[in-house]
Amino acid sequence: QLVESGGGLVQAGGSLRLSCAASGRTFNSYVMGWFRQAPGKEREFVGGITWTGGFKSYTDSVKGRFTISRDNVKNTVSLQMNSLKPEDTAVYYCAADYAPGSTVIQTIGGRYDYWGQGTQVTVSS
């Protein structure tokens, strides 16, 4: 089970930190991803992180502004979002891809096994 938190309303240029708490004892067997879906748009990959945290991937529009991290002891993955823009407004979802030892970060949502319920991020101009 994945549970996101940390969404909210923020002005453009501001920051938010999203967290995703995972239940289960095999968290370190999962590649974790963040996706988002804006109204009227398709879900898109935001970023992902491998189980060791050694590999990270971001979509171009968030590079340099968003940072993913994970804590395999606390079973959490976080998305630090800085310099937010109105176009970042969306429902953000964390997702888990069961891939023990993998260094591949899937960018297609269908490749992920578990999803959180989503948290709304709204950036005002």
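**Overview of unusual backbone geometry**
Okay, step 1: Phi at N75 is positive, roughly 60 degrees, even though this residue is not glycine.
Okay, step 2: Note that N75 resides in the loop between strand 7 (66–71) and strand 8 (76–81).
Okay, step 3: Of note, S83 is a non-glycine position whose phi angle comes to about 50 degrees, a positive value.
Okay, step 4: Summarising the element assignment, S83 is placed in the loop between strand 8 and strand 9 (90–98).

**Observations regarding the environment of F35**
Okay, step 1: Structurally, the position occupied by F35 is in strand 4 (residues 30–37).
Okay, step 2: Taking the relative accessible area as the measure of exposure, F35 reaches 1% and is therefore buried.

**So, the sheet that holds strand 8**
Okay, step 1: The strand order across the open sheet built from four strands is 1-3-8-7, with neighbouring strands paired in antiparallel fashion. With partners counted over all chains shown, the strands left at the sheet margins are strand 1 (2–5) and strand 7, one partner each. This sheet shows a mean twist of 15 degrees between the axes of neighbouring strands, independent of strand direction.
Okay, step 2: Judged from the six bridges that link them, strand 3 (residues 16–22) and strand 8 form a sheet pairing that is antiparallel. Paired with L16 across the strands is M81, a residue of strand 8.

**Structural notes on the state of the cysteines**
Okay, step 1: A full pass over the atoms with the stated rule returns one disulfide.
Okay, step 2: Shown here is the disulfide that connects C20 with C94, its sulfur atoms set 2.0 Å apart. Handedness here is read from the sign of the S-S torsion; for C20 and C94, about 45 degrees, the answer is right-handed. Of this pair, C20 sits in strand 3 while C94 sits in strand 9, and the two are 74 residues apart along the sequence. Comparing C20 with C94 shows no difference in burial state: the two are buried.

Definitions and limits used
- Residues numbered from 1 in each chain as written.
- Predicted model: local features only at pLDDT ≥ 70, side-chain atom pairs only at ≥ 80, totals over all residues.
- Heavy atoms only, no water.
- Helix = DSSP H or I, 4+ residues; strand = E, 2+ residues; numbered from the N terminus.
- Buried < 20%, exposed > 50% of the residue type's maximum accessible area, 1.4 Å probe, protein only.
- Pairing = 2+ DSSP bridges.
- Axes fitted to C-alpha atoms, helices over the stretch in contact; angles between N-to-C directions.
- Disulfide = S-S within 2.5 Å.

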